[in-house]
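Observations on the three-dimensional arrangement
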Amino acid sequence: MSMIMADRVGSGENVFHGRKCMNDRIFGAVTGAVREAGEIVREHWHQEKNVMYKGAIDLVTRTDLAVEEILKQTLSGIVPEADFLAEETAADRDPGSLTWIIDPVDGTTNFAHGIPAVAVSVALWQEDRIEAGWVYLPMMGRNGELFSARQGRGAFLNGEPIRVSDTGTVSRSVIATGFPYSIRHKLDEIMPRVSRVLAASQGIRRFGSAATDLVYTAMGRFDGFFEQDLNPWDVAAGWLIVEQAGGRVTGYDPAGSYALGAKKILATNGRIHEELEAILRDEGFEDVRTDL
């Protein structure tokens, strides 16, 4: 298994070396491409959204399509050898041996309603893991918030290092979650877990963008996040960013290591992980908040 290292970005010639770390030049080129793609979101923000429906509550807009297209064009020039697993054109959910995993607009419903929790998510997958990830929130703050990470190099927000929170108990935690497009058929499965976490924690937040939830967990705005029935493009970049920020990512109910495309994901600061996991599985849950 070899890590991609492009010695001459933009020259059309890429050279591969051992799997150690990503070349700074290629990382910078992708960072620029992600920012450029996010500018399309900003440009379209006050324009007609041209909403189309992939399902009863699953939306797509011209912006999703435009962002995905520009990313595929740009990333093809940076790493010609990689293929793509992108939300709006994916034929399946499985990456190849070297694959860009793209969610062009994570939070399309938010975008359509003018809610700024919208993310451009890009990850590079090689063989068996995410090597690098970028999540850009173009509508957050004056110039947007760009989260990034590389294997073994830490996690960053706009170039500054970030770390998960040091909250030690669920009772002092703010937990994020989300609901699948099939929520109408899974209320009896999902809502008991939500009720237990709501009773045990300081509160639950639901932003409608898994990529946002993950990077907010990575920088300590949230202490944990759980959700089910997500796609690889929803979580690929955020998964790496959480881990590189010192957090922990697994499955839940059943517990175990997280694998790309798994049915359920649990991401936390690490300190509350086992407690939150037990609450989600309904193992000996008690409401231990002291402010009741």
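Up top is the structure.
Attention here is on the structure that accompanies the text. (Residues numbered from 1 in each chain as written. Predicted model: local features only at pLDDT ≥ 70, side-chain atom pairs only at ≥ 80, totals over all residues. Heavy atoms only, no water.)

Right, let's get into the environment of isoleucine 101. By the element assignment, isoleucine 101 lies in strand β4 (residues 98-106). By relative accessible area, isoleucine 101 is classed as buried at 1%. Separated by 135 residues in the primary sequence, isoleucine 101 and alanine 236 have C-alpha atoms spaced 7.0 Å apart. (Helix = DSSP H or I, 4+ residues; strand = E, 2+ residues; numbered from the N terminus. Buried < 20%, exposed > 50% of the residue type's maximum accessible area, 1.4 Å probe, protein only.)

Another aspect to go through is the pairing of strand β12 (residues 224-228). Of all five residues in β12, five are buried; the element is thus mostly enclosed. Burial along β12 is two-sided: Gly224, Phe226 and Gln228 facing one way and Phe225 and Glu227 facing the other are all buried. Summarising the sheet, strand β10 (residues 174-177) and β12 pair through three bridges and their orientation is parallel. Counted as the bridge partner of isoleucine 175 is glycine 224 from β12. Pairing of β12 with strand β15 (residues 264-268) involves five bridges; the strand directions are antiparallel. Looking at β15, one finds that glycine 224 is bridged to threonine 268. (Pairing = 2+ DSSP bridges.)

The strand order β11-β10-β12-β15-β13-β14 describes an open sheet built from six strands, whose pairing is mixed. In the strand order of this sheet, the two ends are held by β11 (203-205) and β14 (256-257), each with one partner. Taken strand by strand, helix α6 (residues 232-244) contacts β13 (248-251) and β15, and its axis lies near 130 degrees from that of β13. (Contact = heavy atoms within 4.5 Å. Axes fitted to C-alpha atoms, helices over the stretch in contact; angles between N-to-C directions.)

Quick look at the pattern of salt bridges now. Applying the stated criterion across every chain, the model contains ten salt bridges. Residue glutamate 131 is joined to arginine 129 by a salt bridge in which the shortest nitrogen-to-oxygen separation is 2.9 Å. Residue glutamate 131 is classed as buried on the basis of its relative accessible area of 3%. When its relative accessible area of 28% is taken as the criterion, arginine 129 is described as partly exposed. Counted as one network, the salt bridges with shared partners bring together Asp24, Arg150 and Arg153. (Salt bridge = Lys/Arg side-chain N within 4 Å of Asp/Glu carboxyl O.)

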